[in-house]
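# Descriptive structure summary
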Amino acid sequence: MPQTDKQICIPPELPELLKQFTKAAIRTQPQDLIQWAADYFGAMSRGEIPPARERSERVALSNWAELTPELLKILHSRVAGRLIIHVDELAQIWKVLSLPTDLFNSVMNVGRFTEEIEWLKFLALACSSLGVTIAKTLKIVCEVLSSDHDCGPPRIPFSTFQFLYTYIAEVDGEISASHVSRMLNYIEQEVIGPDGLIKVNDFTQNPRVRLE
């Protein structure tokens, strides 16, 4: 066999990189390992977060096949506070969480989203697939967006609620703009406190608040 004096140089960071890759693969357990590996190293080469599940997600996600409020919370955390997200990145996050492709496409179609997606609108439509009514949908959105995990009932800024309610009502198409305006005015004037936050109970247990 021909001999060569050329030595193969192994980058010092390679062992740690492969170690992290192996851990991520075990946590994520992708159906197509080769494609997932390509996505993983592709993301790293671009300086992006690779498509791997967090340690705390592993057990909880192992048997999930459908969208749930818990998965929506994880999805929202992955968006990381951005108002706009590119469709390719969101589709990748959706894929990593093993969510059904047909539901993603349905939300995209209903919202008429293109490449740049308004995250709150996408989230609202995704929540609507779980909520039978608008009030139920807004309750789920509020629970997903709320940062008061163990400090009281879920609550969000009224301005966010106003935006979401108006958008969902527009997509629904059966609620008049005047009704939406009346409800929002009542909530703002009679329900919202000095902190400017709205709680789930404010619109689910108040008999004078009829969102539909």
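To keep things clear, this report deals only with the structure shown in the data block. Counting of residues starts from 1 at the beginning of each chain's written sequence and follows it residue by residue. Per-residue local features of the predicted model are confined to residues with pLDDT of at least 70, and side-chain atom pairs are confined, for both listing and counting, to 80 or more; whole-chain, interface and lining totals are unaffected and use all residues. As a convention, hydrogens and water are excluded, and side-chain values are obtained from all of the structure's heavy atoms.

## Notes on the packing of aromatic side chains
Any Phe, Tyr or Trp ring, taking Trp's six-membered ring, that has another such ring centre within 6.5 Å forms a pair; planes under 30 degrees apart are called stacked, those over 60 apart edge-to-face, and the others tilted. Following the criterion strictly, the structure yields 10 aromatic pairs and no others. Ring geometry for Trp94 and Phe122: centres 5.9 Å apart, planes at 90°, overall edge-to-face. Note that Trp94 is positioned in helix α5 (residues 87-96) and Phe122 in helix α7 (residues 119-128), a separation of 28 residues in sequence. The two residues Trp94 and Phe122 agree in class, both being buried. With a centroid separation of 5.9 Å and 20° between ring planes, the pair formed by Trp119 and Phe122 is classed as stacked. Here Trp119 pairs with Phe122, and both are found in helix α7, just three residues apart, close to one helical turn. Note on exposure labels: buried denotes an accessible area under 20% of the residue type's maximum, exposed denotes more than 50%, and partly exposed covers the range between, all computed with a 1.4 Å probe on protein chains only. With relative accessibility at 1%, the residue Trp119 sits in the buried group. One aromatic cluster is present, built from ring pairs that chain together Trp94, Phe104, Phe113, Trp119 and Phe122. Helix and strand definitions here come from DSSP, where helices need a minimum of 4 consecutive H or I residues and strands a minimum of 2 consecutive E residues; each element is numbered from the N-terminal end.

Function cannot be read off these values alone, since they describe shape.
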